[in-house]
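Close look at the chain arrangement
One letter stands for each residue in the lines below.
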Amino acid sequence: MAANRRSSRRSSGTSRKPRTLARGKRSDASIQRVLILLILAIVVGIIIGFALPHVNDDAARLTGRYTATGTAAETLEKLPVQDGGAVEGYDRELFGYRTTDDDGNGCDVRDDVLARDMTNVVFTKRGSCKVKSGDLQDPYTGQLIHFKRGKTTSSAVQIDHVVALENAWRSGASEWDASKRLQFGNDMYNLLAVDGPANQDKGSKSAAYWLPTNGEYRCDYVARQIGVKDKYGLSVTTPEKRAMLSILHGCPGQSIPADQ
């Protein structure tokens, strides 16, 4: 009988260790689950904090998302806000792009912009203003493009109207005379040499619907659009203005680029 009791105690003692280990493992698993849930809660909170101002205008105002400083923001506040501009009557040809030679060098504005915006520029011949090749550090994508003039290669670099012609038409250009439209269509202040596909993707979209994929250039891009619209007395839409302010919020003191 005594032997049986000792055997029973030994058996009971050995069975307690696995139960203790099991409880420890369950405790560790519970702690891990709590930590995972805590991390997920933090991540979700961060995502909501960044996304909410973009989704909800009231939240954006409360968080200061639409506040900005600098001459770009100050100029934007002076632009008229006009929603619902009509596109009726718009025709790209009305702006006469590439039909002028304001500096009298024998080339239209495309070659003038290519020569201005690219490096390592080579002209077709000595004394010519026609660009044969060059390197473009594309502001819209941030990529380096090696330009070479040719039927199948020239389109790699295109000239973008920073404020698109159709956008200008909706914003007030429909009321202009032919002379002012011609000036706008060939104004180098509103023209940039850029990546061809990026230019096609932009089309006539305003800042409310398209921005450069190169985030480092967005402040300058929006500031130039504001500068152009101010120069020509064009309006902005409510979504366009909000998008511009949202960008300028991230670059305090952003100035309007010089008109050169």
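Quick note: structure is the one above.
My aim in this report is to walk through the structure given alongside it, one point at a time. Along each chain, residues carry numbers from 1 onward, in the same order as the chain's sequence is written. Thresholds applied to this predicted model are a pLDDT of at least 70 for local features of residues and 80 or more for the giving and counting of side-chain atom pairs; totals over whole chains, interfaces and linings are not thresholded and use all residues. The side-chain quantities take in all heavy atoms of the structure and omit both hydrogens and water.

Time to look at the side chain of Lys-229. Helix and strand definitions follow DSSP, with helices as H or I runs of at least four residues and strands as E runs of at least two, each counted in order from the N terminus. Within the secondary structure, Lys-229 sits in helix H8 (residues 218-232). N or O atoms within 3.5 Å of each other form a polar contact, as long as, within protein, one can give a hydrogen and the other can take it, and as long as residues adjacent in sequence are counted only when both atoms are side-chain atoms. For Lys-229, the side chain forms a polar contact with the side chain of Ser-171, separated by 3.2 Å. Residue contacts are counted whenever heavy atoms from the two residues lie within 4.5 Å of one another. The residues touching Lys-229, leaving out its near neighbours within four places in the chain, are Leu-79, Val-163, Asn-167, Ser-171, Leu-234, Ser-235, Val-236 and Glu-240.

As a further point, take helix H6 (residues 178-185). Each residue's exposure class comes from its accessible area (1.4 Å probe, protein chains only) as a fraction of the maximum for that residue type: buried when under 20%, exposed when over 50%, partly exposed otherwise. Along H6, the residues that are buried comprise Arg-181, Phe-184 and Gly-185. An end-on view of H6 places all buried positions within 95° of arc, on one side of the element. Buried residues belonging to H6 abut strand S4 (157-161), helix H5 (165-171), strand S5 (191-195) and H8. Comment: arc refers to directions from the helix axis out to C-beta atoms.

Moving on to H8. In this scheme, a helix's expected span is set at 1.5 Å multiplied by one less than its residue total. For H8, with 15 residues, the first-to-last C-alpha span of 21 Å sits near the 21 Å given by 1.5 Å per residue. Taking burial as the measure, the 15 residues of H8 include 11 buried ones, the bulk of the element. By the burial criterion, the buried members of H8 are Cys-219, Tyr-221, Val-222, Ala-223, Arg-224, Gln-225, Ile-226, Gly-227, Val-228, Lys-229 and Tyr-232. Among the structural elements, helix H3 (71-78), H5, H6, S5, helix H7 (196-202) and helix H9 (238-249) are those in contact with the buried residues of H8. Just downstream of H8 lies Gly-233, where phi reads positive at about 65°.

Let us now look at unusual backbone geometry. Residue Arg-98 is not a glycine yet carries a positive backbone phi of 70°. With respect to the secondary-structure elements, Arg-98 resides in the loop between H3 and helix H4 (109-117). Non-glycine residue Asn-120 carries a positive phi angle of around 55°. You can see Asn-120 is positioned in strand S1 (residues 119-123).

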